[in-house]
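Chain residues, written in single-letter form:
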Amino acid sequence: MILVTGATGTIGRYLVPALAEAGVPFRALVRNARKGKALDCEFVVGDFDDPVSMVSALKGVDRLLLNSGGALPVDGQQPMVRQQTGVIDTARAAGVSWVVKVSAWQPGPDAKLSVGAHWEIEQYLKASGLQWASLRPTGYMQNFFTGEGGFTHSGALEGPYGEGRVAYIDAFDVAACAAALLTGPPRSGETYALTGPEALTRGDRHQARHPLP
């Protein structure tokens, strides 16, 4: 049994139908029943901040997609570190054997916000004794339209990389990679850098959005 966390998020919305099409047993973790019913699959209501709900969600699960929201504007440690390390502990106690974590591009101890947080979580996962793999996407094409490293409502283009080139990847492809790992034999201790087909500057992306006549 696979548990998909972040089931209604950027990756989960593609992963859930992919697993359904593959015909493998899985359940989706959602934070409210209305969203769960819309998925048209087995689901359980729970929250990373509610350890009791995670014990219930992980019952009978042997494979886990570990995914949650990003960084928050707080001082000190990012909440996602506490949340995901807590789920790792619960998964180990529940008998989960294989964890696929959605991480970030080039996580490191000195990185800021979610990139540094993902590094902390990866270190914890490595030391957990669980079999694991990490997906490290460069950035999501979907973010072009969310105001996070993309086009704003005014049409301006913003991003954290300045004029650097980034090979953004579609969340659909990240979900496909997650599905392959979750349904195949464990390949423990591996990290996968996920990129799009072409590295583009901010100017390249703006030109694609607003081509010259």
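For the structure given in this document, a descriptive report is provided here. (Residues numbered from 1 in each chain as written. Predicted model: local features only at pLDDT ≥ 70, side-chain atom pairs only at ≥ 80, totals over all residues. Heavy atoms only, no water.)

**A look at the overall build of the protein chain**
Selection criterion: Helix and strand labels come from DSSP, where a helix needs a run of H or I of at least four residues and a strand needs a run of E of at least two; each type is numbered from the N terminus. Exposure categories follow from relative accessible area, calculated using a 1.4 Å probe and restricted to protein chains: below 20% of the type maximum is buried, above 50% is exposed, and the middle band is partly exposed. Any two residues having at least one pair of non-hydrogen atoms within 4.5 Å are treated as being in contact. The Shrake-Rupley method, run with a 1.4 Å probe, gives the accessible areas here. Residue values count only the displayed protein chains as cover.
Tallying secondary structure elements over the protein chain gives 7 helices and 7 strands in all. Moving toward the C terminus, one meets the helices and strands of the protein chain in the order β-α-β-α-β-α-β-α-β-α-β-α-β-α. Out of the 213 residues in the protein chain, the part that is buried amounts to 43%. For the protein chain, restricting intrachain contacts to residue pairs at least 6 apart in sequence, the fraction spanning at least 24 positions comes to 70%. For the protein chain, the exposed surface amounts to about 11,000 Å²; the carbon and sulfur share of it is 53%.

**Here we look at the pattern of salt bridges**
Rules: Between Lys or Arg on one side and Asp or Glu on the other, a salt bridge is scored when a side-chain nitrogen of the former is within 4 Å of a carboxyl oxygen of the latter.
Overall, the coordinates contain 5 salt bridges when judged by the stated rule. Between Asp49 and Arg82 there is a salt bridge whose closest N-O contact spans 2.8 Å. Here Arg82 lies in helix α4 (residues 79-94) and Asp49 lies in the loop between β3 (43-45) and α3 (51-57), a separation of 33 residues in the sequence. Classification of Arg82 as partly exposed rests on a relative accessible area of 46%.

**Regarding the packing of aromatic side chains**
Under the convention used in this document: Each pair of aromatic rings taken from Phe, Tyr and Trp, with Trp reduced to its six-membered ring, is defined by centres within 6.5 Å and is described as stacked if the planes are under 30 degrees apart, edge-to-face if over 60, and tilted in the remaining cases.
On inspection of all chains with the given rule, the structure shows 1 aromatic pair. With 5.7 Å between their ring centres and 80 degrees between their planes, Tyr14 and Phe172 make a pair best called edge-to-face. Placement of the pair is Tyr14 in helix α1 (residues 12-22) and Phe172 in helix α6 (residues 171-183), with a sequence separation of 158 residues.

**Observations regarding the pairing of strand β6 (residues 131-137)**
The test is simple: At least two bridges found by DSSP between two strands are what make those strands a pair. Handedness is read with the strands pointing away from the viewer; a crossover is right-handed when the path from the first strand over the helix to the second is clockwise.
With respect to burial, β6 is a largely interior element, 6 of its 7 residues being buried. With 5 bridges connecting them, strand β5 (residues 98-102) and β6 associate as parallel partners. Residue Val100 lies in a different strand from β6, and its bridge partner there is Ala133. The parallel pair β5 and β6, bridged by helix α5 (residues 113-126), forms a crossover whose chirality is right-handed. Looking at chain direction, β6 and strand β7 (residues 190-194) are connected through 5 bridges and run parallel. The residue bridging Arg136 from the neighbouring strand is Ala193, located in β7.

**Concerning the side chain of Thr90**
Note the threshold: Contacts described as polar in this section are N or O atom pairs within 3.5 Å, which, within protein, must combine one atom able to donate a hydrogen with one able to accept it, while residues neighboring in sequence count only if both atoms come from side chains.
When you line up the elements, Thr90 lands in helix α4. In this structure Thr90 comes out as buried when scored by relative accessible area, which is 17%. Looking at Thr90, its side chain comes within polar contact range of the main-chain oxygen of Gly86, at 3.0 Å. Once residues within four sequence positions are removed from consideration, Thr90 is found in contact with Met54, Val55 and Leu58.

**Section: the side chain of Ser103**
Its location among the elements puts Ser103 in the loop between β5 and α5. On the basis of relative accessibility, which here comes to 4%, the residue Ser103 falls in the buried class. Among the polar contacts listed, one links the side chain of Ser103 to the side chain of Glu122, at a separation of 2.7 Å. With residues near it in sequence (within four places) discarded, Ser103 still touches His118, Glu122, Ser134, Leu135, Arg136 and Pro137.

**Concerning the packing of α1 against α6**
In plain terms, the rule: Only the stretch in contact is used when a helix axis is fitted, and all axes are lines through C-alpha atoms; the angle between N-to-C directions ranges over 0 to 180 degrees. Small angles under 35 degrees read as roughly parallel and large ones over 145 as roughly antiparallel, with 65 to 115 read as roughly perpendicular and the rest as oblique. Each crossing is labelled by how the near helix is turned from the far one, with a counterclockwise turn of less than a right angle marking it left-handed and a clockwise turn marking it right-handed. Note on residue classes: Ala, Val, Leu, Ile, Met, Phe, Trp, Tyr, Cys and Pro are nonpolar, Asp, Glu, Lys and Arg are charged, and everything else, Gly too, is polar.
The contact between α1 and α6 brings their axes to 8 Å, and the two run at 45 degrees. On the basis of their axis angle, the class for α1 and α6 is oblique. In this structure, α1 meets α6 at a crossing whose hand is right-handed. In this structure, α1 uses Tyr14, Leu15, Ala18 and Leu19 to contact α6, whose residues at the interface are Ala171, Phe172, Ala175, Ala178, Ala179, Leu182 and Thr183. Considering only residue class, the contact of α1 with α6 consists of 10 nonpolar, 1 polar and no charged.

**A short note on α5**
Convention followed: To estimate the expected span of a helix, subtract one from its residue number and multiply by 1.5 Å.
If you check α5, its first and last C-alpha atoms are 20 Å apart, about what 14 residues at 1.5 Å a residue would give, namely 20 Å. Every buried residue belonging to α5 is among Gly116, Ala117, His118, Ile121, Glu122 and Leu125, and all of these are buried.

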